[in-house]
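Coordinate analysis (summary)
The primary structure of each chain is shown beneath.
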Amino acid sequence: MSRTALEAEPDDQPPPEDDHAFFGQPKGLLTLSGLEVWERFSFLGMQAILVLYFADTVAHGGMGMSSGTAASVSAAYGTLVYLVSVAGGWLADRILGSYRAVLWGGVLIACGHYAMAVPTPTMTWVGLGLISAGTGLLKPNVATMVGKLYRTDDERRDAGFALYYMAINIGAFAGPLITGWLGDHEGWHWGFSAAAVGMTFGLIQYVAGRRHLAGRRNTAEFALAPDALRRAVRLIVVGILAAAVLATGLAVAGWLTMGRFVDLLTVISVIAPVVYFAVMFMSPRVSAEERGRLRPYIVLFLASTVFNFILFQAYSTMMLLAASNAETTILGFDFPASWYASALGAFEVGLAPLVAALWVRMGRSQPHASNKIAIGVVLGGLSFLLMVLPTSGHANDSYTMSAWWIVGSYFLLGLGDILLETSGMSATTKLAPAAFSSQTMSLWFLSLALANGIQAQTVKLYDDVSKPAYFGVNGAIAVAAGLAVMAAAPWLRRTMHPVH
């Protein structure tokens, strides 16, 4: 059956009355946003306590790592999560289809969180591996499914992604509140259990709302021929088994240490996007016009890398700083340090609808996507520069700063995240070559892998340099990168058509 015929199948399209049923947006946005509420609840709820779990003493139920090592391993886990998204995009395009890729990704994530609920180090690593594989399947493909709800020239698109991102951050707000309280009062693995339950709820509502989704057929959009499919499955199975045997052998021999594994992931995070861009530029299935739109996308990719290098440290170095040097009492109420992560989600929940409404009101007079992204990067840098003030002028590290410094930093970071991520994901779905639709979204997530890969190396310095120097240098680099994107705005506007 031809691709045109497949696209015309009524089972693959939501009911016509769905088009404006959710705050003027397609009703399928509600289903996908609901899934992301629970996925982010589980993922970021776990992420908020993961670095604290790694850094806690063994006697207190933690892993006994130093602060720098805990932050580095946590960042390496994030690197692995987003590296796997490349395979997730390919599997959706060629084998599973977007709907099934998201479904099975969610199942793996839930199983991973249930594994982490078991209080043994072995099950912690097993759980993190399952979550990495599941998130790699789910994240690039659910965002692609959001893009399929709109025509390329639909002016609701950016506003829809802003609402979708607001839903993500409802989960980001609620997750650390629950997992953080349980981790602080009952034990870290109780917090991981809450993440497991949250992902299970997400799967239930995703399946229940599938009729409202576009792109939900059981076949892949660019499915492999039967013979090629069988070969691909055999190669995947053999490759996974070979990698597992090799890793086990190297670990037993003492060569594959945790530090070397972290370094290996960083190297892969640098090489993977270079190779991926090269493949798309040279592919005969990519037209000259599509190839021209990929060039400005490289700039957006690098901007995303710089911003997310700062953003992800909200769950590593900023969390460690909050646990050791920030007040955990407001108006006489004591709270876990991990609750600071909820401030980031709260700001994004509150600001996202305002940003969405602003873009709708401005219509075609709104700033170009590249300028939104540039402003986001600058705000990310300013969030780190702000932390130079409360960490300066102390004789040692025993000081305590006001909670409002962390909250203020997260406000800047949250606003920057809304501007960059919603515009970036929306632009990605518009700039993507047709033959690489899900995989181009995977390329956006590779920018997150690269950000984490760089972070995995940089945070090793957290224990070795002064806090003002650490936050000041990283923040200044981000601000400079944002200003560079602003300077390139005229070229980006010319080359990013049809992106506004």
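Our subject is the structure listed above.
Figured I'd write up the structure that's included with this text. (Residues numbered from 1 in each chain as written. Predicted model: local features only at pLDDT ≥ 70, side-chain atom pairs only at ≥ 80, totals over all residues. Heavy atoms only, no water.)

**Quick notes on the packing of aromatic side chains**
Defined as follows: The aromatic pairing rule takes the rings of Phe, Tyr and Trp, using the six-membered ring of Trp, and pairs them if the centres are within 6.5 Å, calling planes under 30 degrees apart stacked, those over 60 edge-to-face and the rest tilted. Relative accessibility decides the category of a residue: with a 1.4 Å probe and only protein chains considered, values under 20% of the type maximum give buried, values over 50% give exposed, and everything between is partly exposed.
Inspection of every chain in the model, using the stated rule, returns 16 aromatic pairs. Ring centres of Y462 and Y470 lie 5.7 Å apart, and the angle between their planes is 85°; on these two criteria the pair is classed as edge-to-face. Grouping residues by exposure puts Y462 and Y470 together as buried. Taken together, the ring pairs in this structure connect Y53, F54, W125 and F192 into an aromatic cluster.

**Re the side chain of S269**
As a reminder, the rule being used: For helices the rule is a DSSP run of H or I covering at least 4 residues; for strands it is a run of E covering at least 2, with both sets numbered from the N terminus onward. Contact criterion: two residues are considered in contact whenever any of their non-hydrogen atoms come within 4.5 Å of each other.
With respect to the secondary-structure elements, S269 resides in helix 9 (residues 258–282). On the basis of relative accessibility, which here comes to 0%, the residue S269 falls in the buried class. Not counting residues up to four positions away in its chain, the partners in contact with S269 are T79, L83, A449, L450 and G453.

**Topic: the packing of helix 2 (residues 28–55) against helix 3 (residues 67–96)**
Helix-helix packing is described using two parameters, namely the angle between the two axes and the distance between the axes. Condition: Only C-alpha atoms enter the line fits that serve as axes; for helices the fit covers just the stretch in contact. Angles between N-to-C directions range over 0 to 180 degrees. Oblique is the label for every angle not falling under 35 degrees (roughly parallel), over 145 degrees (roughly antiparallel), or within 65 to 115 degrees (roughly perpendicular). Take the far helix as the reference: if the near one is turned anticlockwise from it by less than a right angle, the crossing is left-handed, and if turned clockwise, right-handed. Asp, Glu, Lys and Arg are counted as charged, while Ala, Val, Leu, Ile, Met, Phe, Trp, Tyr, Cys and Pro are counted as nonpolar; the rest, among them Gly, fall into the polar class.
Contact geometry for helix 2 and helix 3: axes closest at 8 Å, N-to-C directions at 150°. With respect to helix 3, the axis of helix 2 lies roughly antiparallel. Our pair here, helix 2 against helix 3, has a crossing hand that is right-handed. In this structure, helix 2 contributes R40, F43, M46, Q47, L50, V51, F54 and A55 to the contact, and helix 3 contributes A70, A71, V73, S74, Y77, V81 and Y82. When its residues are assigned to classes, the contact of helix 2 with helix 3 shows 12 nonpolar, two polar and one charged.

**Re helix 13 (residues 369–386)**
Residues spaced three or four apart along an α-helix face the same direction, because each turn holds 3.6 residues. Counted only if it meets this: In this scheme, a helix's expected span is set at 1.5 Å multiplied by one less than its residue total.
With 18 residues, helix 13 should cover 26 Å at 1.5 Å per step; its first-to-last C-alpha distance of 26 Å lies within 8% of that length. Most of helix 13 is tucked away, with 14 of its 18 residues classed as buried.

**Digging into the pattern of salt bridges**
Selection rule: Salt bridges are defined as contacts in which a side-chain nitrogen from Lys or Arg sits within 4 Å of a carboxyl oxygen from Asp or Glu.
Summed over the entire model, instances satisfying the criterion amount to four salt bridges. The salt bridge partner of K139 is E36, with a shortest N-O separation of 3.0 Å. Of the two residues, K139 is situated in helix 5 (residues 121–147) and E36 in helix 2; the sequence distance between them amounts to 103 residues. No difference in accessibility class separates K139 from E36, as the two residues are buried. Of the charged contacts in the structure, one is a salt bridge between K460 and D263, with a shortest N-O distance of 2.9 Å. Taken as a pair, K460 in the loop between helix 16 (437–458) and helix 17 (467–487) and D263 in helix 9 lie far apart in primary sequence, 197 residues in all.

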